[in-house]
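# Reading the structure
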Amino acid sequence: RLLPNILRIHRSLHTEIAFAFDIDGVLLRSKEPISGASEALKLCHDNKIPFILLTNGGGTSENQRTAFLSDALRVPLSPSQIIQSHTPFKTLVPEYKKVLAVGSPTVREVAEMYGFEKVVHPMDIVRYDPSIAPFSGVSKDVRMELSREIPGLDKEPFEAILVFNDSRDWGADIQIILDLLNSENGMLNTVRQARPNAPPMSKPSVPIYFSNNDLVWANQYVLNRVGQGAFRTVIETLYSRLNYGAQLENTIIGKPTAVTYDFAHHILIKWREKLASGSKNEIPLPKLGVSPESSPFSKVFMVGDNPASDIIGAHNYGWSTCLVRSGVYRDGDPLPCHPTIIADNVFDAVKRAIG
Ligand code: G3P
Ligand code: MG
(Lines give C-alpha, C1' and ligand atoms only; values in the text may rest on other atoms or scores of the structure.)
(Ligands and ions follow the chains in the order given, each with its own letter.)
Protein backbone atom coordinates (compact mmCIF):
# COMPACT_ATOMS: atom_id res chain seq x y z
CA ARG A 1 0.00 0.00 0.00
CA LEU A 2 2.94 2.32 0.62
CA LEU A 3 4.51 2.01 -2.80
CA PRO A 4 1.72 3.46 -4.96
CA ASN A 5 1.50 6.42 -2.57
CA ILE A 6 5.20 7.16 -2.88
CA LEU A 7 5.00 6.82 -6.65
CA ARG A 8 2.11 9.22 -6.69
CA ILE A 9 4.07 11.77 -4.70
CA HIS A 10 7.04 11.43 -7.03
CA ARG A 11 4.87 11.89 -10.06
CA SER A 12 3.46 15.09 -8.60
CA LEU A 13 6.96 16.36 -7.81
CA HIS A 14 7.70 16.39 -11.54
CA THR A 15 4.79 18.71 -12.04
CA GLU A 16 6.46 21.13 -9.58
CA ILE A 17 3.80 21.75 -7.04
CA ALA A 18 4.16 23.79 -3.88
CA PHE A 19 2.06 24.71 -0.85
CA ALA A 20 1.32 27.83 1.16
CA PHE A 21 -0.21 26.96 4.52
CA ASP A 22 -2.28 29.31 6.59
CA ILE A 23 -1.67 28.98 10.36
CA ASP A 24 -4.70 29.92 12.50
CA GLY A 25 -7.56 27.54 11.75
CA VAL A 26 -5.36 25.28 9.60
CA LEU A 27 -2.29 24.31 11.64
CA LEU A 28 -3.26 25.72 15.05
CA ARG A 29 -6.25 26.91 17.02
CA SER A 30 -4.77 29.36 19.53
CA LYS A 31 -1.60 27.44 20.43
CA GLU A 32 -3.02 23.93 19.98
CA PRO A 33 -2.08 21.90 16.87
CA ILE A 34 -5.04 20.93 14.69
CA SER A 35 -5.39 17.27 13.84
CA GLY A 36 -3.46 16.36 10.69
CA ALA A 37 -1.28 19.51 10.78
CA SER A 38 1.92 17.77 11.77
CA GLU A 39 1.37 14.93 9.27
CA ALA A 40 0.69 17.39 6.42
CA LEU A 41 3.92 19.34 6.99
CA LYS A 42 5.95 16.16 7.48
CA LEU A 43 4.64 14.77 4.21
CA CYS A 44 5.83 17.89 2.36
CA HIS A 45 9.10 18.04 4.25
CA ASP A 46 9.98 14.37 3.72
CA ASN A 47 9.19 14.55 0.02
CA LYS A 48 11.00 17.89 -0.49
CA ILE A 49 7.83 19.57 -1.70
CA PRO A 50 8.45 23.32 -1.27
CA PHE A 51 6.13 24.99 1.20
CA ILE A 52 5.77 28.20 3.12
CA LEU A 53 3.57 29.34 6.00
CA LEU A 54 1.51 32.36 5.02
CA THR A 55 -0.36 33.85 7.95
CA ASN A 56 -2.21 37.05 8.71
CA GLY A 57 -1.13 36.60 12.32
CA GLY A 58 1.98 38.11 13.88
CA GLY A 59 3.39 39.75 16.97
CA THR A 60 6.58 37.73 17.30
CA SER A 61 9.71 37.53 15.20
CA GLU A 62 9.86 35.06 12.31
CA ASN A 63 12.55 33.15 14.24
CA GLN A 64 10.45 32.79 17.37
CA ARG A 65 7.32 31.84 15.45
CA THR A 66 9.02 29.09 13.45
CA ALA A 67 10.79 27.75 16.55
CA PHE A 68 7.43 27.46 18.31
CA LEU A 69 5.69 25.86 15.31
CA SER A 70 8.54 23.48 14.64
CA ASP A 71 8.33 22.26 18.21
CA ALA A 72 4.52 22.09 18.35
CA LEU A 73 4.19 20.32 15.00
CA ARG A 74 7.38 18.27 15.29
CA VAL A 75 8.76 19.20 11.88
CA PRO A 76 11.89 21.19 10.98
CA LEU A 77 11.01 24.70 9.77
CA SER A 78 13.22 27.60 8.73
CA PRO A 79 12.41 31.26 9.53
CA SER A 80 12.78 31.86 5.77
CA GLN A 81 9.65 29.78 5.25
CA ILE A 82 7.29 32.02 7.17
CA ILE A 83 5.53 35.16 6.04
CA GLN A 84 3.59 36.81 8.82
CA SER A 85 1.17 39.65 8.17
CA HIS A 86 3.85 42.20 9.04
CA THR A 87 6.89 40.54 7.43
CA PRO A 88 6.62 42.88 4.37
CA PHE A 89 6.96 45.87 6.76
CA LYS A 90 10.70 45.10 6.67
CA THR A 91 10.77 46.73 3.25
CA LEU A 92 9.62 50.05 4.79
CA VAL A 93 12.67 50.45 7.05
CA PRO A 94 14.56 52.74 4.62
CA GLU A 95 11.46 54.97 4.30
CA TYR A 96 10.54 55.72 7.91
CA LYS A 97 12.60 56.44 11.01
CA LYS A 98 10.09 57.16 13.76
CA VAL A 99 7.07 54.84 13.68
CA LEU A 100 4.10 54.09 15.90
CA ALA A 101 3.98 50.29 16.18
CA VAL A 102 0.44 49.23 17.10
CA GLY A 103 -0.50 45.79 18.43
CA SER A 104 0.60 43.50 21.22
CA PRO A 105 3.42 44.87 23.42
CA THR A 106 5.78 42.41 21.67
CA VAL A 107 5.57 44.29 18.36
CA ARG A 108 8.03 46.86 19.68
CA GLU A 109 10.76 44.24 19.66
CA VAL A 110 9.72 42.97 16.22
CA ALA A 111 9.81 46.50 14.73
CA GLU A 112 13.23 47.16 16.28
CA MET A 113 14.53 43.85 15.00
CA TYR A 114 13.35 44.74 11.51
CA GLY A 115 15.55 47.84 11.80
CA PHE A 116 13.19 50.77 12.45
CA GLU A 117 15.26 53.36 14.26
CA LYS A 118 12.68 54.93 16.59
CA VAL A 119 9.83 52.69 17.61
CA VAL A 120 7.04 53.99 19.81
CA HIS A 121 4.23 51.79 21.16
CA PRO A 122 0.90 53.48 22.02
CA MET A 123 1.49 52.46 25.64
CA ASP A 124 4.55 54.76 25.71
CA ILE A 125 2.27 57.65 24.77
CA VAL A 126 -0.22 56.83 27.55
CA ARG A 127 2.70 56.61 29.96
CA TYR A 128 3.87 60.07 28.87
CA ASP A 129 0.38 61.51 29.57
CA PRO A 130 -2.39 59.18 30.82
CA SER A 131 -5.03 61.83 30.04
CA ILE A 132 -4.42 61.11 26.31
CA ALA A 133 -6.36 57.84 26.77
CA PRO A 134 -8.31 58.23 30.01
CA PHE A 135 -10.16 54.91 29.63
CA SER A 136 -7.28 52.70 28.56
CA GLY A 137 -7.93 49.08 29.56
CA VAL A 138 -4.30 48.55 30.60
CA SER A 139 -3.66 48.93 34.32
CA LYS A 140 -1.01 51.37 35.49
CA ASP A 141 1.17 48.54 36.81
CA VAL A 142 1.14 46.68 33.51
CA ARG A 143 1.74 49.90 31.59
CA MET A 144 4.74 50.82 33.75
CA GLU A 145 6.18 47.38 33.21
CA LEU A 146 5.69 47.21 29.43
CA SER A 147 6.06 50.81 28.27
CA ARG A 148 9.10 53.02 27.92
CA GLU A 149 9.90 56.63 28.50
CA ILE A 150 10.77 57.94 25.05
CA PRO A 151 13.08 60.96 25.09
CA GLY A 152 11.77 63.78 22.92
CA LEU A 153 8.49 61.96 22.24
CA ASP A 154 6.71 65.24 21.46
CA LYS A 155 9.67 66.91 19.78
CA GLU A 156 10.01 64.92 16.56
CA PRO A 157 7.18 64.01 14.17
CA PHE A 158 5.89 60.47 13.67
CA GLU A 159 6.57 59.33 10.10
CA ALA A 160 4.27 56.29 9.85
CA ILE A 161 1.71 54.26 11.77
CA LEU A 162 2.20 50.52 11.34
CA VAL A 163 -0.51 48.22 12.67
CA PHE A 164 1.43 45.01 13.25
CA ASN A 165 -1.29 42.79 14.70
CA ASP A 166 -4.55 42.93 16.64
CA SER A 167 -4.86 45.86 19.00
CA ARG A 168 -4.79 44.85 22.69
CA ASP A 169 -6.27 48.13 23.92
CA TRP A 170 -8.76 49.31 21.31
CA GLY A 171 -9.89 52.48 23.09
CA ALA A 172 -6.42 53.89 23.65
CA ASP A 173 -5.07 52.75 20.27
CA ILE A 174 -8.01 54.22 18.33
CA GLN A 175 -7.64 57.55 20.13
CA ILE A 176 -3.88 57.77 19.58
CA ILE A 177 -4.07 56.73 15.93
CA LEU A 178 -6.79 59.33 15.24
CA ASP A 179 -4.72 61.98 17.02
CA LEU A 180 -1.75 61.32 14.75
CA LEU A 181 -3.80 60.99 11.54
CA ASN A 182 -5.26 64.44 12.26
CA SER A 183 -2.13 66.03 13.72
CA GLU A 184 -0.04 68.88 12.39
CA ASN A 185 2.56 66.94 10.35
CA GLY A 186 2.71 63.99 12.72
CA MET A 187 3.50 66.00 15.87
CA LEU A 188 1.98 64.72 19.09
CA ASN A 189 -0.33 67.17 20.94
CA THR A 190 -1.24 69.06 17.77
CA VAL A 191 -4.24 69.14 15.42
CA ARG A 192 -4.14 70.24 11.79
CA GLN A 193 -6.41 73.05 10.62
CA ALA A 194 -8.81 72.45 7.74
CA ARG A 195 -8.33 75.17 5.12
CA PRO A 196 -11.55 77.09 4.40
CA ASN A 197 -13.41 75.74 1.32
CA ALA A 198 -10.80 73.00 0.83
CA PRO A 199 -12.17 69.51 -0.02
CA PRO A 200 -12.30 66.96 2.85
CA MET A 201 -8.83 65.62 3.61
CA SER A 202 -8.47 61.97 2.60
CA LYS A 203 -4.72 62.08 3.08
CA PRO A 204 -3.86 61.74 6.76
CA SER A 205 -0.98 63.68 8.29
CA VAL A 206 0.86 60.41 8.90
CA PRO A 207 0.59 57.42 6.50
CA ILE A 208 -1.06 54.37 8.03
CA TYR A 209 -0.43 50.71 7.12
CA PHE A 210 -2.61 47.80 8.21
CA SER A 211 -0.93 44.40 8.08
CA ASN A 212 -4.12 42.41 7.67
CA ASN A 213 -7.74 42.95 6.85
CA ASP A 214 -9.42 39.94 8.47
CA LEU A 215 -12.88 40.85 9.66
CA VAL A 216 -12.93 37.56 11.59
CA TRP A 217 -10.52 34.76 12.50
CA ALA A 218 -10.71 31.48 14.43
CA ASN A 219 -9.21 30.77 17.85
CA GLN A 220 -10.19 28.02 20.30
CA TYR A 221 -13.56 29.65 21.05
CA VAL A 222 -16.60 28.16 19.35
CA LEU A 223 -17.45 31.34 17.37
CA ASN A 224 -15.26 33.40 15.04
CA ARG A 225 -13.59 36.45 16.64
CA VAL A 226 -13.32 39.93 15.07
CA GLY A 227 -9.84 40.83 13.87
CA GLN A 228 -7.72 43.67 12.50
CA GLY A 229 -10.16 44.28 9.63
CA ALA A 230 -12.79 45.23 12.19
CA PHE A 231 -10.31 47.56 13.91
CA ARG A 232 -9.56 49.22 10.56
CA THR A 233 -13.28 49.71 9.91
CA VAL A 234 -13.58 51.61 13.19
CA ILE A 235 -10.57 53.81 12.39
CA GLU A 236 -11.88 54.56 8.89
CA THR A 237 -15.38 55.34 10.11
CA LEU A 238 -14.18 57.71 12.82
CA TYR A 239 -11.67 59.38 10.50
CA SER A 240 -14.46 59.99 8.03
CA ARG A 241 -16.75 61.43 10.74
CA LEU A 242 -13.99 63.72 11.94
CA ASN A 243 -13.10 64.86 8.41
CA TYR A 244 -16.46 65.77 6.84
CA GLY A 245 -16.93 62.43 5.07
CA ALA A 246 -13.37 62.03 3.74
CA GLN A 247 -12.28 58.45 2.97
CA LEU A 248 -9.06 57.64 4.80
CA GLU A 249 -6.16 56.90 2.44
CA ASN A 250 -4.36 53.87 3.80
CA THR A 251 -2.35 50.84 2.78
CA ILE A 252 -3.54 47.33 3.52
CA ILE A 253 -1.26 44.33 3.10
CA GLY A 254 -1.66 40.68 4.14
CA LYS A 255 -3.93 38.10 2.54
CA PRO A 256 -5.96 38.56 0.31
CA THR A 257 -3.90 41.42 -1.22
CA ALA A 258 -1.85 40.73 -4.35
CA VAL A 259 1.07 42.56 -2.69
CA THR A 260 1.34 39.83 -0.07
CA TYR A 261 0.80 36.99 -2.57
CA ASP A 262 3.59 38.42 -4.76
CA PHE A 263 5.85 38.68 -1.72
CA ALA A 264 5.02 35.08 -0.76
CA HIS A 265 5.54 33.85 -4.31
CA HIS A 266 9.07 35.35 -4.43
CA ILE A 267 9.91 33.61 -1.15
CA LEU A 268 8.47 30.28 -2.32
CA ILE A 269 10.58 30.43 -5.50
CA LYS A 270 13.74 31.20 -3.50
CA TRP A 271 12.90 28.54 -0.92
CA ARG A 272 12.59 25.95 -3.71
CA GLU A 273 16.05 26.96 -5.02
CA LYS A 274 17.48 26.75 -1.50
CA LEU A 275 15.97 23.28 -1.00
CA ALA A 276 17.45 22.08 -4.29
CA SER A 277 20.93 23.55 -3.75
CA GLY A 278 21.16 22.98 0.00
CA SER A 279 22.54 26.53 0.28
CA LYS A 280 22.75 28.10 3.74
CA ASN A 281 22.37 31.67 2.40
CA GLU A 282 19.51 33.80 3.62
CA ILE A 283 16.67 34.49 1.21
CA PRO A 284 16.89 38.13 0.04
CA LEU A 285 14.00 40.45 0.91
CA PRO A 286 11.63 40.76 -2.08
CA LYS A 287 10.64 44.25 -3.27
CA LEU A 288 7.10 45.20 -2.32
CA GLY A 289 4.58 45.34 -5.18
CA VAL A 290 6.75 43.53 -7.75
CA SER A 291 5.52 40.24 -9.27
CA PRO A 292 8.02 37.44 -9.97
CA GLU A 293 8.98 37.48 -13.67
CA SER A 294 8.29 33.76 -14.01
CA SER A 295 7.40 30.83 -11.80
CA PRO A 296 8.85 27.30 -11.74
CA PHE A 297 5.59 25.96 -10.31
CA SER A 298 2.82 24.46 -12.34
CA LYS A 299 0.56 24.60 -9.30
CA VAL A 300 0.71 26.32 -5.94
CA PHE A 301 -1.93 25.28 -3.42
CA MET A 302 -3.01 27.73 -0.74
CA VAL A 303 -4.47 25.78 2.17
CA GLY A 304 -6.67 28.06 4.26
CA ASP A 305 -9.74 28.25 6.46
CA ASN A 306 -10.90 31.77 5.64
CA PRO A 307 -12.70 32.17 2.29
CA ALA A 308 -12.48 35.99 2.44
CA SER A 309 -8.72 35.97 3.01
CA ASP A 310 -6.82 32.80 2.05
CA ILE A 311 -9.14 31.48 -0.63
CA ILE A 312 -10.21 34.56 -2.58
CA GLY A 313 -6.68 36.00 -2.38
CA ALA A 314 -5.07 32.86 -3.80
CA HIS A 315 -7.85 32.41 -6.37
CA ASN A 316 -7.41 35.96 -7.68
CA TYR A 317 -3.66 35.40 -7.77
CA GLY A 318 -4.05 32.30 -9.96
CA TRP A 319 -3.15 29.69 -7.34
CA SER A 320 -5.15 26.57 -6.56
CA THR A 321 -7.06 26.62 -3.30
CA CYS A 322 -7.82 24.11 -0.53
CA LEU A 323 -10.48 25.29 1.88
CA VAL A 324 -10.48 23.38 5.16
CA ARG A 325 -13.30 22.94 7.64
CA SER A 326 -11.06 23.27 10.74
CA GLY A 327 -11.38 27.06 11.22
CA VAL A 328 -13.47 30.05 10.13
CA TYR A 329 -15.42 28.32 7.33
CA ARG A 330 -18.56 26.25 8.05
CA ASP A 331 -20.40 24.21 5.44
CA GLY A 332 -23.12 26.33 3.90
CA ASP A 333 -21.30 29.68 4.36
CA PRO A 334 -21.41 31.78 1.18
CA LEU A 335 -18.18 31.45 -0.84
CA PRO A 336 -16.60 34.27 -2.88
CA CYS A 337 -15.25 31.74 -5.43
CA HIS A 338 -15.07 28.01 -6.05
CA PRO A 339 -12.20 26.41 -4.05
CA THR A 340 -10.25 23.72 -5.93
CA ILE A 341 -10.66 21.35 -2.95
CA ILE A 342 -12.76 21.46 0.22
CA ALA A 343 -11.35 19.15 2.89
CA ASP A 344 -11.92 18.35 6.55
CA ASN A 345 -8.37 19.18 7.54
CA VAL A 346 -4.98 20.10 6.17
CA PHE A 347 -3.63 16.53 5.89
CA ASP A 348 -6.66 15.51 3.90
CA ALA A 349 -6.18 18.59 1.68
CA VAL A 350 -2.49 17.85 0.99
CA LYS A 351 -3.13 14.19 0.16
CA ARG A 352 -5.86 15.14 -2.29
CA ALA A 353 -3.77 17.93 -3.83
CA ILE A 354 -0.79 15.68 -4.58
CA GLY A 355 -2.80 12.51 -5.18
O1 G3P B 1 -4.75 37.49 13.95
C2 G3P B 1 -4.67 36.30 13.24
C3 G3P B 1 -5.50 36.22 12.08
O4 G3P B 1 -6.29 37.30 11.77
C5 G3P B 1 -5.46 35.10 11.12
O6 G3P B 1 -4.30 34.34 11.00
O7 G3P B 1 -3.03 32.36 10.23
O8 G3P B 1 -5.49 32.47 9.85
O9 G3P B 1 -3.99 33.95 8.55
P10 G3P B 1 -4.21 33.22 9.85
MG1 MG C 1 -6.72 31.12 9.12
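Residues numbered from 1 in each chain as written. Chains lettered and ligands numbered in written order. Predicted model: local features only at pLDDT ≥ 70, side-chain atom pairs only at ≥ 80, totals over all residues. Heavy atoms only, no water.

Inspection of the region around ligand 1 gives Asp-22, Ile-23, Asp-24, Thr-55, Asn-56, Gly-57, Asp-166, Asn-212, Asp-214, Trp-217 and Lys-255 as its neighbouring residues. Residue Lys-255 places a side-chain N or O atom 2.9 Å away from an oxygen atom belonging to ligand 1. A total of 310 Å² of accessible area belongs to ligand 1 in isolation, and the protein chains cover 93% of it. Mapping ligand 1 onto the cavity grids shows that it belongs to the largest pocket. Split into classes, the residues belonging to the shell around ligand 1 amount to 2 nonpolar, 4 polar and 5 charged. (Near = heavy atom within 4 Å. Polar contact = N/O pair within 3.5 Å; in protein donor to acceptor, adjacent residues only side chain to side chain. Areas by Shrake-Rupley, 256 points an atom, 1.4 Å probe, with all protein chains shown as cover. 1 Å grid on protein atoms, 1.4 Å probe; cavity = no way out; pocket = protein on both sides within 12 Å on 5 of 7 lines; lining within 4 Å. Sits in = over half its atoms within 2 Å of the grid points. Nonpolar A, V, L, I, M, F, W, Y, C, P; charged D, E, K, R; others polar.)

Moving on, we get to unusual backbone geometry. Between Lys-255 and the following residue, Pro-256, the backbone shows a cis peptide bond with an omega angle of 10°. Within the secondary structure layout, Pro-256 lies in the loop between β12 (251–252) and α9 (258–277). Of note, Lys-48 is a non-glycine position whose phi angle comes to about 55°, a positive value. Position of Lys-48 relative to the elements: it lies in the loop between α2 (37–46) and β4 (51–54). One non-glycine residue with positive phi stands out, namely Asn-185, at about 55°. (Helix = DSSP H or I, 4+ residues; strand = E, 2+ residues; numbered from the N terminus.)

Coordination sphere of the magnesium ion (ligand 2), protein contribution only: Asp-22 (OD), Asp-24 (O) and Asp-305 (OD), at 2.1 Å. Counting gaps between the donor residues of the magnesium ion (ligand 2) yields the pattern D-x1-D-x280-D. You can see Asp-24 sitting in the loop between β1 (17–21) and β2 (28–29) and its partner Asp-305 sitting in the loop between β13 (299–304) and α10 (307–317), a full 281 residues away along the chain. Like Asp-24, the residue Asp-305 is buried in the burial classification. (Donors = N, O, S within 2.8 Å, 3.2 Å for Na, K, Ca; no water. Buried < 20%, exposed > 50% of the residue type's maximum accessible area, 1.4 Å probe, protein only.)

So, on to the sheet that holds strand β6 (residues 98–102). Judged by pairing direction, the sheet is parallel, and its 5 strands sit side by side in the order β7-β6-β8-β9-β12 without closing on themselves. Looking at the sheet topology across the chains shown, the edges are occupied by β7 (118–120) and β12. When strand β8 (residues 160–163) meets strand β9 (residues 208–210), the two strands line up parallel, connected through 3 bridges. In the sheet register, Val-163 faces β9, and the bridge partner there is Phe-210. Contacts from helix α8 (residues 228–242) reach β8, β9 and β12 within the one sheet, and its direction differs from that of β9 by about 150°. (Pairing = 2+ DSSP bridges. Contact = heavy atoms within 4.5 Å. Axes fitted to C-alpha atoms, helices over the stretch in contact; angles between N-to-C directions.)

Estimates place the volume of the largest pocket at around 680 Å³. Asp-24, Gly-57, Gly-58, Arg-65 and Trp-217 are, among the 31 residues lining the largest pocket, the residues nearest its centre. Those elements giving two or more residues to the lining of the largest pocket turn out to be α3 (62–73) and α10. For the lining of the largest pocket, the leading source of residues is α3, giving 3 residues. When grouped by side-chain class, the residues that make up the lining of the largest pocket number 5 nonpolar, 16 polar and 10 charged. (Points joined across faces, edges and corners; volume = space filled by probe spheres on them.)

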